[in-house]
Amino acid sequence: MKKRMAAAILSLMTASALLAGCGDSTSSSGSSSVSDASSASSEAEAEETASASIEDAVEITEDADFDGEVSIMVILKTQSSEVGKYLEVGAENYEVAHSNVHVDVVGATAETAYDEQLNMIETAITSGKYDALVLDPLQAEAAATMLADSPIPVVSFDTSIAGDVAVSHVGVGNEEAAKAGAIAAVAAAKEAGWEEINCIEIAGVQGDPTNEARMEGYIAGITEAGGTFLQDEIQYADAVADKAVNCMESIMSKFPDGVAIICANNDDMAIGAAKAAAENEAYANTIFLGFDGMSSAAQVIVDGTVNNYLSVACDWTDMTYRAVDCAVRAINGEELPAFVSTTYGVMDESNAQERLELMQSYLQ
């Protein structure tokens, strides 16, 4: 725990190198620099709520001042992913820093284990053990329905819940961050010599609000930077690497002369796709764009395991740290902003080593 807390402090000291200029207090988090949600009726409403709230996003940098003893349940999408581990560390770091705040962290076994997570949500709000719930929903609509009459405050993070179910949402602006990554990818593709800059996305779980927001960001960034996003060629891989490999094989078969940019909803899929294309000469200069900024992504850049790799890197531990802090504030009766922003940047060969060292320190 103490090592993890030290890592959190290190994050605040070193984040400027990767995340410079991101997350100011008057606008949505992040920057377009290349170095650097749902009601019971509609998943689309979830995205509309997230998009509206990010325009007034606020960054909180100080912890809540609260002396009472509280217990908070944090429910992740899944604990089986690398990102899930970082998110768990962030929540635990808050407990380490505040002895009066008790945090339990759980998560589904996979990002498609919807019923499993819904059971966790039901337990959190009916057990009487918890004073607040911090949630990254797998299904925003189903979660909103279950939490409509929650007796305890709910704070969402990463993926938003629409309406007035959550007292606040904590996260990166997924659409804005993906747009920044896409603009960086187009610049890299031009530098790599591509004249026709087409982009195909290997997407995550179809209908998931976070996936959809990132897709919209990719489309906007590719288009704005002068490329063409091939929407009819989108491949869905359910956020897992092995399915992304199959998708990449299908892409290579249909486009034997190569594609300038392959973007993906997360690093697992992007790395899987890049490795699948490694022996294909037509894809030697393809830019692969992931999202999350995991240590595995930093490692393949540092080692040169795959060529031309970029990733939109988020401050995952700070996301759950801030989400738990918002829950404490809600228990304390404080009025919270609709959207609390966390930072991001674009990771490439210029900053991957620093990112790798930082992310590895979280897991020691």
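Values in this document were obtained by computation on a predicted structure and should not be read as measured data.

**A few points about the overall build of the protein chain**
Working step 1: Helix and strand content of the protein chain: twelve helices and 13 strands.
Working step 2: By the burial criterion, 57% of the 364 residues in the protein chain qualify as buried.
Working step 3: Total accessible area on the protein chain stands at roughly 14200 Å², and carbon and sulfur atoms take up 46% of it.

**Let's talk about the side chain of Thr-210**
Working step 1: Residue position: Thr-210 is located in helix H7 (residues 209-224).
Working step 2: Side chain to side chain, Thr-210 and Thr-159 meet in a polar contact 2.3 Å long.

**Focus on unusual backbone geometry**
In terms of backbone geometry, most residues other than glycine have negative phi values and most peptide bonds are trans.
Working step 1: Notably, Asp-158 is not glycine yet its phi reads approximately 70°, a positive angle.
Working step 2: With relative accessibility at 9%, the residue Asp-158 sits in the buried group.
Working step 3: Despite not being glycine, Asp-238 shows a phi value in the positive range, around 55°.
Working step 4: With respect to the helices and strands, Asp-238 occurs in the loop between strand E8 (235-236) and helix H8 (241-254).
Working step 5: On the basis of relative accessibility, which here comes to 26%, the residue Asp-238 falls in the partly exposed class.

**Observations regarding the confidence of the model for the protein chain**
Working step 1: Summarising the model, the protein chain shows a mean pLDDT of 86, and 84% of its residues fall at 70 or more.
Working step 2: Here residues 1-55 scores under 50 on pLDDT; set against residues more than four positions off or in separate chains, the count is 142 contacts.

**A few points about the nonpolar core**
Working step 1: Ile-72, Val-74, Phe-157, Phe-229 and Ile-261 are the most contacted members of the largest nonpolar core, which has 67 residues in total.
Working step 2: Leave out the neighbours within four places in its chain, and Ile-261 touches Ala-185, Val-186, Ala-189, Ile-197, Asn-198, Cys-199, Ile-200, Ile-222, Thr-286 and Ile-287.
Working step 3: Within the second largest apolar cluster, 29 residues are counted, among which are Ala-237, Ile-262, Ala-270 and Tyr-309.

**Regarding the packing of aromatic side chains**
Working step 1: Under the counting rule described, the total for this entry stands at two aromatic pairs.
Working step 2: Judged by centre distance (4.9 Å) and plane angle (65°), the ring pair of Tyr-94 and Tyr-321 falls under edge-to-face. One end of the pair, Tyr-94, is in helix H3 (residues 82-97); the other, Tyr-321, is in helix H11 (residues 316-331), with 227 residues separating them in the sequence. As far as the burial class goes, Tyr-94 and Tyr-321 line up, both buried.
Working step 3: The ring of Phe-291 has Arg-214 sitting right over it, with the charged end atom 3.7 Å from the ring centre.

**Points about the side chain of Arg-329**
Working step 1: One can find Arg-329 in helix H11.
Working step 2: For Arg-329, a relative accessible area of 13% puts it in the buried group.
Working step 3: Apart from the residues within four sequence positions on either side, Arg-329 is in contact with Ile-60, Glu-62, Asp-63, Ala-64, Glu-334 and Leu-336.

**With respect to the packing of H8 against helix H9 (residues 267-276)**
Working step 1: Where H8 meets H9, the closest approach of the two axes is 8 Å, and the angle between their N-to-C directions is 45°. When the axes of H8 and H9 are compared, the pair comes out oblique. As H8 packs across H9, the resulting crossing turns out to be right-handed. Contacts from Ala-241, Ala-244, Val-245, Met-248 and Met-252 in H8 reach Asp-268, Met-269, Gly-272, Ala-273 and Ala-276 in H9.
Working step 2: Of the residues assigned to the contact of H8 with H9, the class counts are eight nonpolar, one polar and one charged.

**Side note on the state of the cysteines**
Working step 1: Here the structure, examined in full by the defined rule, presents zero disulfides.
Working step 2: The thiol of Cys-199 is not disulfide-bonded; the next cysteine sulfur, from Cys-263, is found 3.6 Å away.
Working step 3: Given a relative accessible area of 0%, Cys-199 falls into the buried group.

**Looking at the pairing of strand E2 (residues 101-108)**
Working step 1: Of the pairings in the sheet, the one linking strand E1 (residues 70-78) to E2 comprises eight bridges and is parallel in character. Bridge assignment links Thr-78 to a residue of E2, and that residue is Ala-108.
Working step 2: Between the parallel elements E1 and E2, the chain passes through H3 in a crossover that is right-handed.

**Concerning the pairing of strand E6 (residues 198-203)**
Working step 1: E6 sits mainly inside the fold: six of its six residues count as buried.
Working step 2: Residues Asn-198, Ile-200 and Ile-202 point to one face of E6 and Cys-199, Glu-201 and Ala-203 to the other, with burial holding for every one of them.
Working step 3: Across two bridges, E6 lies against strand E7 (residues 228-229) in parallel orientation. Bridging across to E7, Cys-199 finds its partner in Phe-229.
Working step 4: Pairing analysis gives four bridges linking E6 to strand E9 (residues 261-264), with the strands arranged parallel. Paired with Ile-200 across the strands is Ile-262, a residue of E9.
Working step 5: When E6 meets E8, the two strands line up parallel, connected through two bridges. Across the sheet, Ile-202 pairs through a bridge with Gln-235, a residue of E8.

**Some thoughts on the sheet that holds E2**
Working step 1: Strand order across the open sheet formed by six strands is E2-E1-E3-E4-E5-E12, with parallel pairing between neighbours. Sheet topology places E2 and strand E12 (339-341) at the edges, where each strand pairs with a single neighbour. When the angles between neighbouring strand axes are averaged without regard to direction, this sheet yields 20°.
Working step 2: In the packing of H3 onto the sheet, the strands contacted are E1, E2 and strand E4 (154-157), and the crossing angle to E2 comes to about 165°.
Working step 3: Of the strands in this sheet, E1, E2 and strand E3 (132-135) touch helix H4 (residues 114-126), which is tilted by about 175° from E1.

What counts, and at which threshold
- Residues numbered from 1 in each chain as written.
- Predicted model: local features only at pLDDT ≥ 70, side-chain atom pairs only at ≥ 80, totals over all residues.
- Heavy atoms only, no water.
- Helix = DSSP H or I, 4+ residues; strand = E, 2+ residues; numbered from the N terminus.
- Buried < 20%, exposed > 50% of the residue type's maximum accessible area, 1.4 Å probe, protein only.
- Areas by Shrake-Rupley, 256 points an atom, 1.4 Å probe, with all protein chains shown as cover.
- Polar contact = N/O pair within 3.5 Å; in protein donor to acceptor, adjacent residues only side chain to side chain.
- pLDDT = per-residue confidence, 0-100.
- Contact = heavy atoms within 4.5 Å.
- Core = buried A, V, L, I, M, F, W, Y, C linked by side-chain atoms within 4.5 Å.
- Phe/Tyr/Trp six-rings, centres within 6.5 Å; stacked < 30°, edge-to-face > 60°.
- Lys NZ or Arg CZ within 6 Å of the ring centre and 35° of its normal.
- Axes fitted to C-alpha atoms, helices over the stretch in contact; angles between N-to-C directions.
- Parallel < 35°, antiparallel > 145°, perpendicular 65-115°, else oblique.
- Left-handed = near helix turned anticlockwise from the far one by under 90°.
- Nonpolar A, V, L, I, M, F, W, Y, C, P; charged D, E, K, R; others polar.
- Disulfide = S-S within 2.5 Å.
- Pairing = 2+ DSSP bridges.
- Right-handed = clockwise from strand over helix to strand, strands pointing away.

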